[in-house]
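Structural description and commentary
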Amino acid sequence: MNQTRGPVSNFILHHYRHFNAAALVDAAAGYERHLEEGGKMLVSLAGAMSTAELGVSLAEMIRQGKVDIISCTGANLEEDVMNLVAHNHYKRIPRWRELTPEQEWDLLERGLNRVTDTCIPEEEAFRKIQYRLVEIWKDAEAKGERCFPHEFLYRLLRSGALRDEYEIDPKDSWMIAAAERDLPIVVPGWEDSTLGNIFASYVVKGELKAMTMKSGIEYMTWLAGWYRESSAGKGVGFFQIGGGIAGDFPICVVPMMYQDLGWRDVPFWSYFCQISDSTTSYGSYSGAVPNEKITWGKLGIDTPKYIIESDATIVAPLVFAYVLGW
């Protein structure tokens with residue numbers, strides 16, 4: 001037993017010896033080594049990681065400086081806050097595979113939006129945030145301010161307007177931890193989230209202007225500047241949970257600078273790990289092996305590369321536990 005590590009880490013080291021289990025240990029040790037050598041780390045969140053309450057471990061990673069920037073879908077951005085203020089109203093359906101179309105319709109009529117086995121309560125989650133956030137959007141527009149989606153949510157959390165509504169321990173909210181650190185976040189494709197849809201509805205009604213919300217192109221150009229400033233020395237690593245736009249958007253900032261801007265001094269991502277249960281087939285990005293990214297100018301030949309082919313809701317907390325020494 002390693003006396004400097006906690007029981008979870010020691011369990012992993014003792015039992016996880018082969019196959020995907022060994023890949024998890026290798027990736028976690030690589031993450032830890034990257035930070036110890038002075039590197040920074042981007043974590044990308046796809047899927048429904050916030051509804052899966054990944055914040056229980058991710059928030060501590062953020063507080064301890066183990067994460068330097070996050071790229072996430074609009075759903076993950078908002079659903080951590082929704083869980084924060086409406087957790088007691090969520091409904092879990094263990095036998096969700098057996099639901100009939102009629103039962104699914106009944107959930108809709110009851111205002112319960114299902115994500116696999118978990119239903120998010122529309123009124124308690126979406127609307128509770130919407131009413132307060134719309135005021136923040138309109139106030140910013142009246143002052144001629146433009147902000148990114150995550151910056152508006154940071155304002156809401158820092159205002160204290162939701163504090164009396166918390167239904168979980170705020171230390172388990174990764175957005176609370178991120179707001180406290182003013183952690184950089186990029187949210188590609190925010191428009192397809194619930195809050196993105198709500199914002200668009202106010203634009204259609206003429207109550208808000210689209211330009212009040214900064215765009216995905218502005219996220220990319222901001223990220224280019226951040227990467228240039230942060231990639232000196234050991235460089236920036238990339239820890240990708242799932243696939244999709246949350247991963248592909250930020251990883252493309254390197255070939256954009258190297259190929260499209262001609263900045264030949266831009267270093268590749270200096271660590272890469274992907275957790276995915278997607279298989280390599282038919283052009284799948286989520287299932288592509290890391291070496292494919294070399295051909296796109298995202299990773300170098302010598303970049304440490306790991307892929308853990310498993311369920312991220314199981315694997316990510318274990319990797320974080322290892323890095324945290326739990």
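Higher on the page you've got the structure.
Conventions we followed
Residues numbered from 1 in each chain as written. Predicted model: local features only at pLDDT ≥ 70, side-chain atom pairs only at ≥ 80, totals over all residues. Heavy atoms only, no water. Axes fitted to C-alpha atoms, helices over the stretch in contact; angles between N-to-C directions. Helix = DSSP H or I, 4+ residues; strand = E, 2+ residues; numbered from the N terminus. Parallel < 35°, antiparallel > 145°, perpendicular 65-115°, else oblique. Left-handed = near helix turned anticlockwise from the far one by under 90°. Contact = heavy atoms within 4.5 Å. Phe/Tyr/Trp six-rings, centres within 6.5 Å; stacked < 30°, edge-to-face > 60°. Buried < 20%, exposed > 50% of the residue type's maximum accessible area, 1.4 Å probe, protein only. Lys NZ or Arg CZ within 6 Å of the ring centre and 35° of its normal. Arc of directions from axis to C-beta.

Details of the packing of helix α6 (residues 122–142) against helix α9 (residues 194–204)
Helix packing for two helices is described by the angle between their axes and how far apart those axes are. Taken N-terminus to C-terminus, the directions of α6 and α9 make an angle of 50 degrees; their axes are 11 Å apart at the nearest point. Between α6 and α9, the crossing angle belongs to the class labelled oblique. Classified by chirality, the crossing of α9 by α6 is right-handed. For the pair α6 and α9, the contacting residues are Phe-126, Arg-127, Ile-129, Gln-130, Leu-133, Val-134, Trp-137 and Lys-138 in the first and Thr-194, Leu-195, Ile-198, Phe-199 and Tyr-202 in the second.

Topic: the packing of aromatic side chains
All chains considered together, the criterion is met by 12 aromatic pairs. When the ring of Trp-137 is compared with that of Phe-199, the centres are 5.0 Å apart and the planes differ by 90 degrees; the resulting orientation is edge-to-face. Residue Trp-137 is located in helix α6, and its partner Phe-199 is located in helix α9; the two are separated by 62 residues in the primary sequence. Accessibility expressed as a relative area gives 5% for Phe-199, which makes it buried. When the ring of Tyr-227 is compared with that of Trp-269, the centres are 4.8 Å apart and the planes differ by 65 degrees; the resulting orientation is edge-to-face. On the criterion of sequence distance, the pair formed by Tyr-227 in helix α10 (residues 216–230) and Trp-269 in the loop between α12 (253–260) and β8 (271–275) is long-range, its members being 42 residues apart. Among the aromatic residues, those joined into a cluster by ring pairs are Tyr-31, Phe-239, Tyr-271, Tyr-306 and Phe-320. Sitting over the face of the ring of Tyr-322, Arg-5 holds its NZ or CZ atom 4.0 Å from the ring centroid. Directly above the aromatic system of Tyr-202 lies the positively charged group of Lys-205, at a separation of 4.0 Å from the ring centroid.

Details of helix α1 (residues 7–15)
Those residues of α1 that fall on the buried side of the exposure criterion are Ser-9, Asn-10 and Ile-12. Within α1, the buried residues cover an arc of 160 degrees as seen down the axis, which keeps them to one side. Turning to α1, the residues buried within the fold contact α2 (19–36) and α13 (312–324).

Geometry only, nothing functional implied.
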